[in-house]
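Examination of the molecular architecture
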Amino acid sequence: HEADVLVAKLLDEIRVKCVMLPSEKLAKLKRLLEKLNESFDLSFVNLNYDNILYQSIPLKMETGFDHDGKFDPHKILYNRNWNFFYHLHGSVNFYYADTKYGYEIRFVNDFTQEKVVSSNRTFRGLKETTEGFPVLSKPIIVGYGKAWQIQREPYLFYYNDLARRVDEADKILFLEIYI
């Protein structure tokens, strides 16, 4: 239970920092991405939980989530365009929504909404992998059992599609952003 609380506090802190980002720095990053977009088809794979890059992208990117925030694997499977944005370790924009079958990861642009904040604080218990590792049920990949955690949506589809995309890419640029 302590790990669950720590991850919830981590997400809270990252969300606060994302809301308080200096607009002039975001504008500078957006100009850089717009310039890159003039010469390249842009797609992004984010390894951070924050949404700095997501806030700065100059065009609509496919995340696999529909306009209601529900994950649709077909959006990944059938997307042949270079306009994707994959959050490989999760995102502050992800939250757990309760469904009649349990819960699922959803996407929301405004992560200050009560449903996101309360989802972050809900203790869903630890799951155990077949190897006996405890795994948190949080909308980010953290702690033990990462291989088990990436077997759920949207991560499974992100990782599978990423292998194909890397193979097809003409160029790959790695960015490390400090704001």
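The coordinates are above.
Let us look at the structure shown here. Just so you know, these numbers come straight off a predicted model, no measurement behind them.

Turning our eyes to something else, we now look at helix α1 (residues 2-19). Along its 18 residues, α1 runs 26 Å from first to last C-alpha, staying within 8% of the 26 Å computed at 1.5 Å per residue. What α1 keeps buried is the set Asp4, Val7, Ala8, Leu11, Ile14, Arg15 and Cys18. End-on view of α1: buried residues confined to an arc of 130 degrees, all on one side of the axis. Within α1, the exposed residues directed more than 90 degrees away from the buried face are Glu2, Leu6, Lys9 and Lys17.

Turning next to the nonpolar core. General note: in soluble globular proteins, nonpolar side chains tend to be found buried as a group. Phe44, Ile57, Phe65, Phe85, Phe94 and Tyr158 are the most contacted members of the largest nonpolar core, which has 28 residues in total. Of all the elements in the fold, those that place two or more residues in this core are α2 (23-39), α3 (52-56), β2 (85-87), β3 (94-99), β4 (102-107) and α7 (155-168). Sort the elements by how many residues they give to this core and α7 lands first, with four residues. In this structure Phe94 touches Arg15, Phe65, His87, Ile105, Arg106, Phe107, Pro139, Pro154, Tyr155 and Tyr158, once residues within four positions along its chain are discounted. Of all hydrophobic cores here, the second largest spans 14 residues; its members include Ile14, Cys18, Val92 and Ile140.

Here Phe85 shows up in strand β2. Taking the relative accessible area as the measure of exposure, Phe85 reaches 0% and is therefore buried. The spatial distance from the C-alpha of Phe85 to the C-alpha of Val45 is 5.7 Å, given a sequence separation of 40 residues. Ignoring anything within four residues of it in the chain, the contact list for Phe85 reads Phe44, Asn46, Leu53, Tyr54, Ile57, Met61, Glu62, Thr63 and Tyr158.

Basis of the calculations
Residues numbered from 1 in each chain as written. Predicted model: local features only at pLDDT ≥ 70, side-chain atom pairs only at ≥ 80, totals over all residues. Heavy atoms only, no water. Helix = DSSP H or I, 4+ residues; strand = E, 2+ residues; numbered from the N terminus. Expected span 1.5 Å × (residues − 1). Buried < 20%, exposed > 50% of the residue type's maximum accessible area, 1.4 Å probe, protein only. Arc of directions from axis to C-beta. Core = buried A, V, L, I, M, F, W, Y, C linked by side-chain atoms within 4.5 Å. Contact = heavy atoms within 4.5 Å.

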